[in-house]
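As a plain string of letters, each chain reads:
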Amino acid sequence: MTDLEIRPLRDGDPELISGAMSAIGWNKPLSQYQRYQAEQRAGTRDILVATVDGEYAGYVTVRWESPYEPFGGIPEIQDFNVLPSLRRRGIGSALMDAAEALVAERSPVVGIGVGLYPDYGQAQRMYVRRGYLPDGRGLIYGGRQVAPMEMIRNDDDATLMFTKQLR
């Protein structure tokens, strides 16, 4: 890796990112990135894009008002992705550094959620190493706390929520 750049989402990126996600078999439609771009323009979300030698490598978003009610007022890092072929090269850490720095300008705390099945294993480990701590509410499904003995599906809506003190 020679030239890593972290920059805001810009025109042309929605098509580029959606195409890259489709190429690796991930269902991330163009409409998602177009919505992100509209939210960035409205100031409700910031999207940081990583490129290596000018080529798309990954992105992360900061949602300034988390939909997760217990975070009330805590910005949330969401939808963090680095292309699998480029992982373990510091790109994800650089994206997280940039997202945390952005949040620290406005909040002393940041939140993040992580899925529970093995595809999220690297992210789970990364967040703990970066100092994120579980919020203590246990398993969350679709934004709500799962009651003891309740059965849920282990999909992308099953998460554990974390926070980190930034300052």
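See the structure printed just above.
Below: a short report on this structure. (Residues numbered from 1 in each chain as written. Predicted model: local features only at pLDDT ≥ 70, side-chain atom pairs only at ≥ 80, totals over all residues. Heavy atoms only, no water.)

Let's talk about the pairing of strand 6 (residues 133–141)
Stated precisely, the cut-off is as follows: Strands were regarded as paired on the criterion that DSSP finds at least two bridges between them. Secondary structure is summarised from DSSP: a helix means a run of H or I of at least four residues, a strand means a run of E of at least two, and numbering begins at the N terminus for each.
Direction of pairing for strand 6 relative to strand 8 (residues 158–165): antiparallel, over a ladder of five bridges. Within strand 8, the residue paired with Y141 across the bridge is A158. Two elements, strand 6 and strand 7 (residues 144–145), share two bridges in a ladder whose sense is antiparallel. Bridge pairing links Y141 to R144 in strand 7. Joining the antiparallel neighbours strand 6 and strand 7 is a turn of two residues, in which G142 adopts a positive phi near 60 degrees.

Quick look at unusual backbone geometry
Cut-off, in case you're wondering: Exposure classes here rest on a 1.4 Å probe applied to the protein chains alone. A residue is buried below 20% of its type maximum, exposed above 50%, and partly exposed in between.
Phi is positive for D79, close to 50 degrees, though the residue is something other than glycine. Residue placement: D79 occurs in strand 4 (residues 76–82). You will see that M149, though not glycine, has its phi angle at about 75 degrees, which is positive. The residue M149 is located in the loop between strand 7 and strand 8 in this model. Given a relative accessible area of 81%, M149 falls into the exposed group.

Some thoughts on the pattern of salt bridges
Our working definition: Note on definitions: salt bridges are taken to be side-chain nitrogens of Lys or Arg within 4 Å of carboxyl oxygens of Asp or Glu.
Taken as a whole and judged by the stated rule, the model has 11 salt bridges. A salt bridge links R41 to D11, with the shortest nitrogen-to-oxygen separation between them at 2.8 Å. Taken together, the residues R41 in helix 2 (residues 30–42) and D11 in the loop between strand 1 (4–8) and helix 1 (13–23) connect sequence positions 30 residues apart. Classification of D11 by relative accessible area gives exposed; the value is 59%. By sharing partners, the salt bridges in this structure join D97, E100, R130 and K164 into a single network.

What to know about the packing of aromatic side chains
Test applied: Any two rings among Phe, Tyr and Trp, with Trp reduced to its six-membered ring, count as a pair given centres within 6.5 Å; such a pair is stacked if its planes are under 30 degrees apart, edge-to-face if over 60, and tilted if neither. Only lysine NZ and arginine CZ atoms are considered, and such an atom sits over a ring when it is within 6 Å of the ring centre and within 35 degrees of the ring normal.
Within this structure, the stated rule accounts for six aromatic pairs. Ring centres of Y68 and F71 lie 4.7 Å apart, and the angle between their planes is 85 degrees; on these two criteria the pair is classed as edge-to-face. Pair check on accessibility: Y68 and F71 agree, each one buried. Judged by centre distance (5.1 Å) and plane angle (75 degrees), the rings of Y117 and Y120 are edge-to-face. Ring pairing ties together the aromatic residues Y33, Y36 and Y59, which thus form one cluster. A cation over an aromatic ring shows up here: R106 above the ring of W64, its NZ or CZ 3.6 Å from the ring centre.

Spatial relationships are all this shows, so hold off on functional conclusions.
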